[in-house]
Amino acid sequence: MINLEPTINSITDIEDAHTSGVYPKRPLALVRGEGVYAWDDEGNRYIDATAGQGVALLGHSHPNVAAAVAEQAQTLISCPEIFYNDRRAELYTELTSILPDEFTRFFLCNSGAEANEGALKVARLMTKRAGVVSAMRGFHGRTMGAVSMTWNPKYRKAFAGWTMDVTHVPYNNIEKMEAAITEDTAAVVIEAVQGEGGVNPGTVEYLQRVRDLCTERGALLIIDEIQAGLGRTGKWFAFQHAGIRPDVIALGKGIAGGVPMGAVVWRSELGQMPGGSHGSTFGGNPLASAAAIATLRTLRDENLVERSAEMGAWLVEQLEAMSHDYVREVRGRGLMVGLELRGRVTPVLKSLQDKGVLALPAGNTVLRLLPPLTITQEQLAVVIDAIREALDENNDITDES
Ligand code: PLP
């Protein structure tokens, strides 16, 4: 008898049969990672300059994180916040040691979007105001509150009319920001270096002025450090490049070495959230807490924040020196680097993948590099060579300007 059922036997077939459909997927199945490298199911090795979308600050499967997770998994995995827990307490101590002094209150959660949702609740609860101002090209996640703060209309159009009202103003434009903050503004939510929006660093003057405006008008400044935080830009927090202090910080991505975790952090003078005003079953669980403690200690003990500054400066210098016809601009801070191209980035990413380098887009024309902070100069040199070759191969790309 002829079997008319389609044969579903490969990783991609199975995923395609069941995926929600929301992700634009690359035809590549990653099955193993070690440090800067990731391997596909056919045994091909790649330098992972995506670091799992900016998550693997220490590289893949760092032994300190793996050991902490394994040990905690055999000790206690579940412990909701209705109980106290030794790992969670240790994590608070660890986090306060890297944060500016006055940041002592935390809400622990499980993702970046959830951290921004929590930050929004903190701002509304503390100011008793509703309004939110965020920036064009800003990205803050895709849950209903977070997607309202996210700028790119493509993420919101399917929900037109149902999202929250948020005023989006051009980034690095202080006049527009000044005009947008009103007596009803609970919070200004911005990234200190925009990631998804094209790797755009906020200027020092802009970030300082936004800080002052929020103080003058009684709005809270929420800095979304989900992608740029924890050493990625060569400082523990990207807002430190401008010498400012926000009121609320949203953290996620690499905080727990790849184990899902997010955190909302705020200044002690704002006080606590009212009981029952927020919550999460998995928030602050011992497994993620153990992974985060190991991650933060490794970042500190191996001087990876300083290293990110040094390696990033070298990378930008090399990319600028390459001065390729198809590169309009090189931007970045630390190991958060973007190459603005004169054409579409997708074919360049494909060529790079064929050469064993995985990189990210940031919009249609920006090639984004978010390698692990452990990457060596030799490994970066391989990435740079591959970029040069990939750009040469795509030299028929049309100008998008
Ligand atoms: N905020 C920023 C700056 C991000 O880069 C991201 C994810 O890319 C998010 C928020 C959303 O994080 P998550 O995907 O964990 O919800």
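All values derive from a computational prediction rather than experimental measurement. (Residues numbered from 1 in each chain as written. Predicted model: local features only at pLDDT ≥ 70, side-chain atom pairs only at ≥ 80, totals over all residues. Heavy atoms only, no water.)

Details of the overall build of the protein
Looking only at helices and strands, the protein has 12 helices and 17 strands in total. Over its C-alpha trace the protein gives a radius of gyration of 21 Å, about what one expects of a compact globule, namely 21 Å for 401 residues. By its C-alpha atoms, the protein is 60 × 55 × 50 Å across when sized along the principal axes. Here the protein holds 401 residues, and 53% of them are scored as buried. Put simply, 70% of the contacts in the protein that link residues at least 6 apart link residues at least 24 apart. Side-chain charges in the protein split into 37 positive and 50 negative, and the spacing between the mean points of these groups amounts to 4 Å. (Helix = DSSP H or I, 4+ residues; strand = E, 2+ residues; numbered from the N terminus. Rg over C-alpha atoms; globule rule 2.2 N^0.38 Å. Buried < 20%, exposed > 50% of the residue type's maximum accessible area, 1.4 Å probe, protein only. Contact = heavy atoms within 4.5 Å. Lys, Arg positive; Asp, Glu negative; His and termini not counted. Charge placed at Lys NZ, Arg CZ, Asp CG, Glu CD.)

Description of the sheet that holds strand S10 (residues 220-224)
Overall, mixed pairing links the seven strands, which are arranged S4-S12-S11-S10-S7-S5-S6 in an open sheet. Every other strand in the sheet has two partners, leaving strand S4 (103-109) and strand S6 (167-169) as the edge strands with one partner each. Neighbour-to-neighbour, the strand axes of this sheet turn through a mean angle of 20°, independent of strand direction. Both S10 and strand S11 (residues 248-251) contribute to a ladder of three bridges, which runs parallel. Residue isoleucine 223 lies in a different strand from S11, and its bridge partner there is isoleucine 249. Running over the sheet, helix H4 (residues 86-98) touches S4 and S11 and is turned about 130° from S4. Against the sheet, helix H8 (residues 204-217) makes contact with strand S7 (185-190), S10 and strand S12 (262-267), and its axis sits at roughly 165° relative to S7, the strand it touches most. (Pairing = 2+ DSSP bridges. Axes fitted to C-alpha atoms, helices over the stretch in contact; angles between N-to-C directions.)

A word on a nonpolar patch on the surface
Taken together, the side chains of Met144, Phe159 and Trp162 make up a nonpolar region of the molecular surface, amounting to roughly 350 Å² of accessible area. If you trace the backbone, tryptophan 162 turns up in the loop between helix H6 (144-149) and S6. (Patch = residues over 30% accessible without salt bridge, like charges linked within 9 Å, V, L, I, M, F, W, Y side chains within 5 Å. Areas by Shrake-Rupley, 256 points an atom, 1.4 Å probe, with all protein chains shown as cover. Salt bridge = Lys/Arg side-chain N within 4 Å of Asp/Glu carboxyl O.)

Topic: the site of the ligand
Close to the ligand lie Ser111, Gly112, Ala113, Asn116, Phe139, His140, Gly141, Glu191, Asp224, Ile226, Gln227 and Lys253. Lysine 253 places a side-chain nitrogen or oxygen 2.9 Å from an oxygen atom of the ligand. Protein contact buries 80% of the 390 Å² of open area that the ligand shows by itself. Looking at the shell around the ligand, its residues break down into three nonpolar, six polar and three charged. (Near = heavy atom within 4 Å. Polar contact = N/O pair within 3.5 Å; in protein donor to acceptor, adjacent residues only side chain to side chain. Nonpolar A, V, L, I, M, F, W, Y, C, P; charged D, E, K, R; others polar.)

A short note on the packing of H4 against helix H9 (residues 286-301)
The interhelical angle for the contact between H4 and H9, taken along N-to-C directions, is 30°, at an axis separation of 9 Å. By the criterion of interaxial angle, the relationship of H4 to H9 is roughly parallel. When the axes of H4 and H9 are compared, the crossing they make is left-handed. Residues Arg87, Arg88, Glu90, Leu91, Glu94, Leu95, Ser97 and Ile98 of H4 form the contact with H9, whose participating residues are Pro286, Ser289, Ala290, Ala292, Ile293, Leu296, Arg297 and Arg300. Residues of the contact of H4 with H9, tallied by class, amount to eight nonpolar, two polar and six charged. (Parallel < 35°, antiparallel > 145°, perpendicular 65-115°, else oblique. Left-handed = near helix turned anticlockwise from the far one by under 90°.)

Examining the packing of aromatic side chains
Applying the stated criterion across every chain yields a total of five aromatic pairs. When the ring of tyrosine 37 is compared with that of tryptophan 39, the centres are 6.2 Å apart and the planes differ by 55°; the resulting orientation is tilted. Comparing tyrosine 37 with tryptophan 39, the two get one shared label, buried. Aromatic side chains phenylalanine 139 and tyrosine 155 sit 5.3 Å apart centroid to centroid with 70° between the ring planes, which places their arrangement in the edge-to-face category. Of this pair, phenylalanine 139 sits in the loop between strand S5 (131-135) and H6 while tyrosine 155 is found in the loop between H6 and S6, placing the two residues 16 residues apart along the sequence. (Phe/Tyr/Trp six-rings, centres within 6.5 Å; stacked < 30°, edge-to-face > 60°.)

What to know about the environment of glutamate 329
In this structure, glutamate 329 sits in strand S13 (residues 327-333). Residue classification places glutamate 329 among the partly exposed residues on the basis of a relative accessible area of 40%. Separated by 11 residues in the primary sequence, glutamate 329 and glutamate 340 place their C-alpha atoms 5.1 Å from one another. In this structure the side chain of glutamate 329 is engaged in a polar contact, spanning 2.9 Å, whose partner is the side chain of arginine 331.

Some thoughts on the packing of helix H11 (residues 346-354) against helix H12 (residues 377-393)
Look at H11 against H12: their axes get within 9 Å of each other, and the N-to-C directions meet at 130°. One finds that H11 runs oblique with respect to H12. As H11 runs across H12, the sense of the crossing is right-handed. Of the residues in H12, those in contact with Val348, Ser351 and Leu352 of H11 are Ala386, Ile387, Ala390, Leu391 and Glu393. Of the residues contributing to the contact of H11 with H12, the split by class is six nonpolar, one polar and one charged.

Thoughts on helix H10 (residues 304-322)
With 19 residues, H10 extends 26 Å between its outermost C-alpha atoms, agreeing within 8% with the 27 Å of an ideal straight helix rising 1.5 Å per residue. Within the sequence span of H10, burial applies to Leu304, Val305, Ser308, Met311, Gly312, Trp314, Leu315, Val316, Leu319 and Met322. Residue serine 323 follows H10 closely and has a positive phi angle near 35°. (Expected span 1.5 Å × (residues − 1).)

Points about the nonpolar core
Here is a general trend for soluble globular proteins: nonpolar side chains tend to be buried in one another's company. Within the largest apolar cluster, 95 residues are counted, with the highest numbers of intra-cluster contacts made by Met177, Ile190, Leu230, Leu319, Leu369 and Ile387. In this structure, leucine 319 is in contact with Val330, Val337, Leu339, Leu369, Ile384 and Ile387, ignoring residues within four places of it in sequence. Counting residues in each nonpolar core, the second largest holds 21 residues, with Cys109, Ala186, Ile226 and Met273 among its members. (Core = buried A, V, L, I, M, F, W, Y, C linked by side-chain atoms within 4.5 Å.)

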